[in-house]
Amino acid sequence: MLTEPLGIRHHIGTMCAASSKSESLLVTARPELNRRIDQWLDHLSDERRLSDKTLLAYERDLRQFLRFLTNHLGGAPDLKEIAALRPADFRGFLASRRRDGAQSRSLARGLAGIRSFLRYLERRGEVNAAASSAVRPPRQARSLPKPVSSKDAIDVTSGDLAMEREPWLEARNAAVLTLLYGCGLRISEALSLTGAMAPKTGTKTLRVVGKGGKERIVPILPAVCQAVEHYLKLCPYAISPDGPLFLGARGGPLNPRMIQLAMARLRGALGLPDSATPHALRHSFATHLLAGGGDLRTIQELLGHASLASTQIYTEIDSVHLLSAYDKAHPRR
């Protein structure tokens, strides 16, 4: 047998099994190469502490590459054949994915995952990763984040629209959305908070664990504390100090999909565009701080961006809004 199940981490396998896609979890590759993939994913999870979602994407992209190589090379690849790959092989893979309809962003992410695996093998002294590094990723059209207006953000986080069947669910959704807008949290960061971390009256700061396990401290607004305390007062379930702060309708950990659906209902009620997602509230936090005179370095720290370049994109949003207002208001328009 030239194929065997990819020995990836258990939680990645579980996520794949739960996927609605019908593609097989078998990777056409030699057993030794499959073991290296397993070890690489363990490394990314245990040492680099990448999220399950990122690990799943990397595993899927590498699986697509191995299937391409099986056809391209005429058989299941092994470590020796991986080491002998040339830039043209990687370009052929990107071209085949493009023919299948993959967009530039997906192609760039796929190439990044493949490079990560090859660099891992290079550090083990098993391959030379120079061939993949010589391939330039597809150029991507840069899209600006789409924040909502300050008025719309306040309407979304008010909890006054009675969109849920029970008041405590309405209060829970409002508390989560207020954390996203008031503190600039990602939805995963908000839902990772425990009962002991609940912002309450008098709380000045909140410790947040972001991407890659990186910690940051964010200030807490009184409105955030009020929203969380209102939820805690109405919640019918006991919230333990070391358990999740935000609970689902049956008392288990809250699924982020429930917040996304709640935001979709709010969009419909308020007449907001499809771009008004929970993550747009994080964009709104950064954009409104910048418009109010906040400096980029501070906003970078509050968002937990590793690079200032990631934060600088909000200056472009501010410039677009400024030019739009100028165009509408100037008497010589």
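Being a predicted model, the structure only gives us computed values, none of them experimental. (Residues numbered from 1 in each chain as written. Predicted model: local features only at pLDDT ≥ 70, side-chain atom pairs only at ≥ 80, totals over all residues. Heavy atoms only, no water.)

It is not clear to me how the confidence of the model for the chain should be interpreted in this structure. Could you clarify?
Do not read the predicted coordinates in detail wherever pLDDT is low. In this model, the chain carries a mean pLDDT of 84, and residues with pLDDT of at least 70 account for 85%. Mean pLDDT across the elements of the chain bottoms out in strand E1 (residues 3-5) (40) and peaks in helix H11 (residues 222-234) (96). Here residues 1-27 is a poorly scored stretch, pLDDT under 50, and it has 53 contacts once near neighbours within four places are set aside; other chains count. (pLDDT = per-residue confidence, 0-100. Helix = DSSP H or I, 4+ residues; strand = E, 2+ residues; numbered from the N terminus. Contact = heavy atoms within 4.5 Å.)

In this structure, what is going on with the pattern of salt bridges? I would like to understand it.
Where side chains of opposite charge bring their charged atoms close, a pairing between them can arise. For the coordinates displayed, the defined rule picks out 11 salt bridges. Between Asp61 and Arg109 there is a salt bridge, with the nearest N and O atoms lying 2.8 Å from each other. Taken as a pair, Asp61 in helix H3 (residues 52-73) and Arg109 in helix H6 (residues 104-123) lie far apart in primary sequence, 48 residues in all. Residue classification places Asp61 among the buried positions, given a relative accessible area of 2%. Take Arg109: its relative accessible area is 33%, and that puts it in the partly exposed class. Through salt bridges with shared partners, a single network forms among Glu32, Arg36, Arg124 and Glu126. (Salt bridge = Lys/Arg side-chain N within 4 Å of Asp/Glu carboxyl O. Buried < 20%, exposed > 50% of the residue type's maximum accessible area, 1.4 Å probe, protein only.)

Looking at this structure, how should I read the environment of Arg124?
Along the chain, Arg124 turns up in the loop between H6 and helix H7 (130-133). Given a relative accessible area of 39%, Arg124 falls into the partly exposed group. If we ignore the near neighbours within four places in the chain, the residues touching Arg124 are Arg36 and Gln39. Of the polar contacts made by the side chain of Arg124, one reaches the side chain of Gln39; its length is 3.4 Å. (Polar contact = N/O pair within 3.5 Å; in protein donor to acceptor, adjacent residues only side chain to side chain.)

Sorry, what's going on with the packing of helix H2 (residues 31-46) against H3 here?
Geometry of a packed helix pair, given as the angle between the helix axes and the separation of the axes. At a minimum axis distance of 11 Å, the contact between H2 and H3 shows a crossing angle of 160°. Compared by their axis directions, H2 and H3 come out roughly antiparallel. The handedness of the crossing between H2 and H3 is right-handed. Packed against H2, whose contacting residues are Leu33, Ile37, Trp40, Leu41, Leu44 and Ser45, the element H3 presents Leu55, Tyr58, Glu59, Leu62 and Leu66 at the interface. (Axes fitted to C-alpha atoms, helices over the stretch in contact; angles between N-to-C directions. Parallel < 35°, antiparallel > 145°, perpendicular 65-115°, else oblique. Left-handed = near helix turned anticlockwise from the far one by under 90°.)

Quick question: what am I supposed to make of the packing of aromatic side chains here?
The description of an aromatic ring pair rests on the distance of the ring centres and on the angle between the ring planes. Within this structure, the stated rule accounts for 8 aromatic pairs. A centroid spacing of 5.0 Å and a plane angle of 75° characterise the contact between Phe65 and Phe93, whose relative ring orientation is edge-to-face. Residue Phe65 is located in helix H3, and its partner Phe93 is located in helix H5 (residues 87-99); the two are separated by 28 residues in the primary sequence. The exposure class assigned to Phe93 is buried, which follows from its relative accessible area of 5%. Both rings, one in Trp168 and one in Tyr237, keep their centres 5.8 Å apart while their planes meet at 75°; by these two values the pair is edge-to-face. Linking Trp168 in helix H9 (residues 167-183) with Tyr237 in the loop between H11 and helix H12 (256-270), this pair joins segments that are 69 residues apart in sequence. Residue classification places Trp168 among the buried positions, given a relative accessible area of 5%. The exposure class assigned to Tyr237 is partly exposed, which follows from its relative accessible area of 32%. One aromatic cluster in this structure is built from Phe65, Phe68, Phe90 and Phe93. (Phe/Tyr/Trp six-rings, centres within 6.5 Å; stacked < 30°, edge-to-face > 60°.)

Which parts of the structure should I look at to understand H12?
Residues lying three or four places apart along an α-helix face the same way, a consequence of the helix completing one turn every 3.6 residues. Taking 1.5 Å of rise per residue, 15 residues should cover 21 Å, and H12 covers 21 Å from first to last C-alpha, within 8% of that figure. Taken residue by residue, H12 has Ile259, Ala262, Met263, Leu266 and Arg267 as its buried positions. For H12, the angular spread of the buried residues around the axis is 145°, confining them to a single face. In this structure, the buried side of H12 is in contact with helix H8 (150-157), H9, helix H10 (187-191) and helix H13 (278-291). Here H12 starts with a cap whose side-chain oxygen sits 2.8 Å from the backbone nitrogen of Arg257, and that cap is Asn255. (Expected span 1.5 Å × (residues − 1). Arc of directions from axis to C-beta.)

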